[in-house]
Amino acid sequence: MKNIKTIVIVVLLTTIILMATDFFEFEKPNKASQYPPSLDFKAAVESAMDEILPDKVLNLLWKNTFHWLTLFESVDGFVQTIVGTGTVTLDGNDVVLATSAVANDSVDLAKEPSWLGLATFSQRSFMRSAVVVNSITSQEIYIKVGRSDTQGYGFKIINGSLYGTTHSGTTESTVLLQTISISTAYQLEARYLPSDKVVFFVDTIEKGVLTTNLPSPAVTANDKLMTLRVKTTTTAARNMQVSYFEYLQRRNILQ
């Protein structure tokens, strides 16, 4: 993002200089340098921006970012792992992961495209999602980039407590963000900076930071863009509703 901002600023400054040169005489600098700028000057700059910036920004986004978003119109193409007789269903508003009423049964839903090559923990990335749960007791839930119980980052719910989580592939770190309520939608966001930290937000408010046990930046490919998991630790069913999952990452190949 810093590179994009820098380039945009350079383009704007260059445009202003060129427009000033082309449309205003140097022996009359007051027309170009007056404040507020003249209408002719502003129109010239705006015209150049309209011509240059759309292609420039599109090019930068295409070459430098990787973006994936699902609203769960379908679960075709997702990997489902079910222990017991749980289900993954769509209700028109979200995807619902529901366990059976047997202790330690679980339901996982993951997106893990083959040969992707773009997703990596070596680059800065962000994730967002929105979730609702039907219980605040006897449950274990993950909403993550990467794998649910190993390398990755995201969110973890144990009973009624919401945590930020990072996992190096060997060890997990967690930070308590807040307690949660039944049938309440929570907007979750995590921002990952390789070898530095993950910052966690709930309903757009920063709630916690982790700097330990981050995913290894040496791993060049992450085969799981998203993992959702709900597990019951009692003899009662547990479910989680997720309306969307979004992932944005700085690219590291095909520059």
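Note that this is a predicted model, so its numbers are computed, not measured.

Q: Sorry, what's going on with the packing of aromatic side chains here?
A: Taken as a whole and judged by the stated rule, the model has eight aromatic pairs. Summarising the aromatic geometry, the rings of Phe121 and Tyr153 are spaced 6.5 Å apart at their centres and angled 70 degrees between planes, so their arrangement reads as edge-to-face. Remark: Tyr153 occurs in strand S8 (residues 152-158) and Phe121 occurs in the loop between strand S5 (106-111) and strand S6 (125-133); sequence separation between them is 32 residues. Take Phe121: its relative accessible area is 2%, and that puts it in the buried class. Classification of Tyr153 by relative accessible area gives buried; the value is 0%. Connected via pairs of aromatic rings, a cluster forms that spans Trp68, Phe72, Phe78 and Phe245. When the ring centre of Phe126 is taken as reference, the NZ or CZ atom of Arg191 above it lies at 5.8 Å.

Q: Teacher, can you tell me more about empty space enclosed by the protein here?
A: One way to see where empty space is left: roll a probe the size of a water molecule over the atoms. A complete count under the given rule lists one cavity of 30 Å³ or more for this structure. There is about 40 Å³ of room inside the largest cavity. If you trace the largest cavity, you find it lined by Val131, Val132, Val133, Ile157, Leu162, Ile180, Tyr186 and Leu188. Mapped by element, the contributors of at least two residues to the lining of the largest cavity are S6 and strand S11 (186-193). With three residues, S6 is the single largest residue contributor to the lining of the largest cavity.

Quick notes on the rules
- Residues numbered from 1 in each chain as written.
- Predicted model: local features only at pLDDT ≥ 70, side-chain atom pairs only at ≥ 80, totals over all residues.
- Heavy atoms only, no water.
- Phe/Tyr/Trp six-rings, centres within 6.5 Å; stacked < 30°, edge-to-face > 60°.
- Helix = DSSP H or I, 4+ residues; strand = E, 2+ residues; numbered from the N terminus.
- Buried < 20%, exposed > 50% of the residue type's maximum accessible area, 1.4 Å probe, protein only.
- Lys NZ or Arg CZ within 6 Å of the ring centre and 35° of its normal.
- 1 Å grid on protein atoms, 1.4 Å probe; cavity = no way out; pocket = protein on both sides within 12 Å on 5 of 7 lines; lining within 4 Å.
- Points joined across faces, edges and corners; volume = space filled by probe spheres on them.

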